[in-house]
2 protein chains.
Amino acid sequence: MVKSQPKGTVRGTLSPASIAASALKLGDQEGPEAMAIRRIAAQLGCDPMALYRHFANRVALLDAVADLALADLALPDDHDPWEDRLRSLLTETRRAALAHPGIAPHIAARPPLGPHGLRIGRVLIEALRQAGLDDRQTVAASQVLIAYLSSAIAMAVATQGRRDDRWSEAAQAVRDSSEHRLPADAMPAVGSVDQFSFGLDLLIDGLRARVRDRPR
Amino acid sequence: MVKSQPKGTVRGTLSPASIAASALKLGDQEGPEAMAIRRIAAQLGCDPMALYRHFANRVALLDAVADLALADLALPDDHDPWEDRLRSLLTETRRAALAHPGIAPHIAARPPLGPHGLRIGRVLIEALRQAGLDDRQTVAASQVLIAYLSSAIAMAVATQGRRDDRWSEAAQAVRDSSEHRLPADAMPAVGSVDQFSFGLDLLIDGLRARVRDRPR
DNA sequence: ACCTGAACACCGTTCAAGT
DNA sequence: ACCTGAACACCGTTCAAGT
């Protein structure tokens, strides 16, 4: 009596939120290559073109998925020192992005500007302002931190991913090419949280030096 | 008498070097979307499959193009202080990458490991060693600097490129979301060399603090 | 043995044709 | 007016058929 597969939307009416949630789950399970219009539609049981009623194009859809991935994030305590807040905010954002391997490359390539991304940006700016930076330094520093975070996410994705581990290859090549023959072990692994923290501490130290120069 | 277009390789025999050089020029003129096997072959006047005799796949071909883009690069003077050498090496690498907009996104996404990329890596390691860092710090710092450079290139490409300027949008959104209503002008532009230098100086200051802590 | 190009298995998106 | 899905204009790559 029933057709083998009902046409149209199998699971309720579509909405931007329901599409993004479905795509996020699909990416978690099958990786970045599953983030194709046709595959997202297949998982929803709808026509690929139905998605274009809710998003202007594929990139806009992925932007929504990327922002959704940054929803589960513990924001730092307002009373902590600014260094701690920066460290925890960026480490948490990195963790949240990497928890969703299907969309993490997109997050690394394009900063999400949905509500969750903007919330992170707001906390970032607040921490930098309260560190004592002026307007110009605050904006410039926020861009530097976002740039570093983006690369860190990209490196971690490549490292944990398939045999495409270009960053580890690069680290190895750089070690080998040194006349000092640097040892391979006892080094923080490419894409590791230790490696990430090392660079983050460098940046925070640099910011601290600027605050010290012009106090108040 | 002559056919309208001779078949086969129009301009001499193919080689990895001649293919990469042709693709680099094509990308310079027509942008990253021209970096397709079919379009590179069309410019060479050969069958797309002919390229697979010289490269395992498209990514390997683009890696060769990326390394070639880093050929024209003034390396820093060995006698300069390590801070100056780091600054000039990374600034020059950024400049060289952005001089080739067709392949710059690929450079940002995958560190070139050909002869030119490795040469840059060697100079980078040497500068860090002579700054007084230990082995672990040297490798970790080199990864941080490469990560920052990669993002800086990606941001500059997006900014100078089409209407895909996500990074400027992000900076604007971050400014707007601040309760302090930061002014938009008199800020270093996203992807600008000033913005790049600001972050580079932060990292160098952070490194300097580590050298000071354990001198020698 | 080498080389070619037709074919495969995909893409994102347009648009005409159906309801 | 809305929605569908066939079709378009591409991809990278495989592979069988030609020389």
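Since the model is a prediction, treat every value here as computed from it, not as a measurement.

A. Structural view of the side chain of A:Arg94. All names here are of chain A. Mapped onto the elements, arginine 94 comes out in helix H4 (residues 82-98). Buried within the structure, arginine 94 lacks any salt-bridge partner; its nearest side chain of opposite charge belongs to aspartate 194, at an N-O separation of 8.8 Å. Sequence-distant contacts of arginine 94, that is, excluding residues within four places in its chain, are made with Leu149, Ile153, Ala156, Gly191, Ser192, Val193 and Phe196.

B. Focus on the interface of chain B and chain A. Taken together, the contact pairs 57 residues of chain B with 57 residues of chain A. Of the roughly 5,200 Å² buried between chain B and chain A, counting both surfaces, carbon and sulfur atoms make up 69%. Of all residues in chain B, B:Gln143, B:Arg166 and B:Phe198 bury the most surface against chain A, accounting for 14% of the area lost on that side. Counting the contacts that link chain B with chain A gives 2 salt bridges. For the pair chain B and chain A, the number of links is 7 residue pairs in polar contact (both at pLDDT 80 or more).

C. Molecular detail of the protein's contact with DNA strand D. Around DNA strand D, the neighbouring residues are A:Arg38, A:Asp47, A:Met49, A:Arg53, B:Ala36, B:Ile37, B:Arg38, B:Arg39, B:Met49, B:Tyr52, B:Asn57 and B:Arg58. Restricting attention to atoms of DNA strand D within 4 Å of the protein, one finds that 45% of them are sugar or phosphate atoms. Interatomic distance of 3.3 Å between a side-chain N/O atom of A:Asp47 and a base nitrogen of DNA strand D. Here a phosphate oxygen of DNA strand D and a side-chain polar atom of A:Arg53 are 3.1 Å apart.

D. Summary view of the protein's contact with DNA strand C. As a structural note, the neighbourhood of DNA strand C is formed by A:Ala36, A:Ile37, A:Arg38, A:Arg39, A:Met49, A:Tyr52, A:Asn57, A:Arg58, B:Arg38, B:Asp47, B:Met49 and B:Arg53. Residue A:Arg58 places a side-chain N or O atom 2.9 Å away from a phosphate oxygen belonging to DNA strand C. Across the surface near DNA strand C, the residue classes tally to 5 nonpolar, 1 polar and 6 charged.

E. How the structure looks around the packing of H4(A) against helix H6 (residues 115-131) of chain A. All names here are of chain A. Closest axis-to-axis distance for the H4/H6 pair is 9 Å, and the angle between their directions is 160°. By the angle between their directions, the pair H4 and H6 is classed as roughly antiparallel. Viewed along their axes, H4 and H6 form a crossing whose handedness is left-handed. Across the interface between the two elements, Trp82, Arg85, Leu86, Leu89 and Thr93 of H4 pack against Ile120, Val123, Leu124, Glu126, Ala127, Leu128, Gln130 and Ala131 of H6.

F. Examining the side chain of A:Asp63 more closely. Mapped onto the secondary structure, A:Asp63 falls in helix H3 (residues 58-69). A polar contact of 2.8 Å, which involves the side chain of A:Asp63, links it to the side chain of A:Arg110. Setting aside chain neighbours within four positions, we find A:Asp63 in contact with A:His106, A:Arg110 and B:Arg166.

Scoring rules and cut-offs
- Residues numbered from 1 in each chain as written.
- Chains lettered and ligands numbered in written order.
- Predicted model: local features only at pLDDT ≥ 70, side-chain atom pairs only at ≥ 80, totals over all residues.
- Heavy atoms only, no water.
- Helix = DSSP H or I, 4+ residues; strand = E, 2+ residues; numbered from the N terminus.
- Buried < 20%, exposed > 50% of the residue type's maximum accessible area, 1.4 Å probe, protein only.
- Lys, Arg positive; Asp, Glu negative; His and termini not counted.
- Salt bridge = Lys/Arg side-chain N within 4 Å of Asp/Glu carboxyl O.
- Contact = heavy atoms within 4.5 Å.
- Buried area = accessible area lost by both parts, 1.4 Å probe.
- Polar contact = N/O pair within 3.5 Å; in protein donor to acceptor, adjacent residues only side chain to side chain.
- Near = heavy atom within 4 Å.
- Nonpolar A, V, L, I, M, F, W, Y, C, P; charged D, E, K, R; others polar.
- Axes fitted to C-alpha atoms, helices over the stretch in contact; angles between N-to-C directions.
- Parallel < 35°, antiparallel > 145°, perpendicular 65-115°, else oblique.
- Left-handed = near helix turned anticlockwise from the far one by under 90°.

This is a description of form; function is not addressed.
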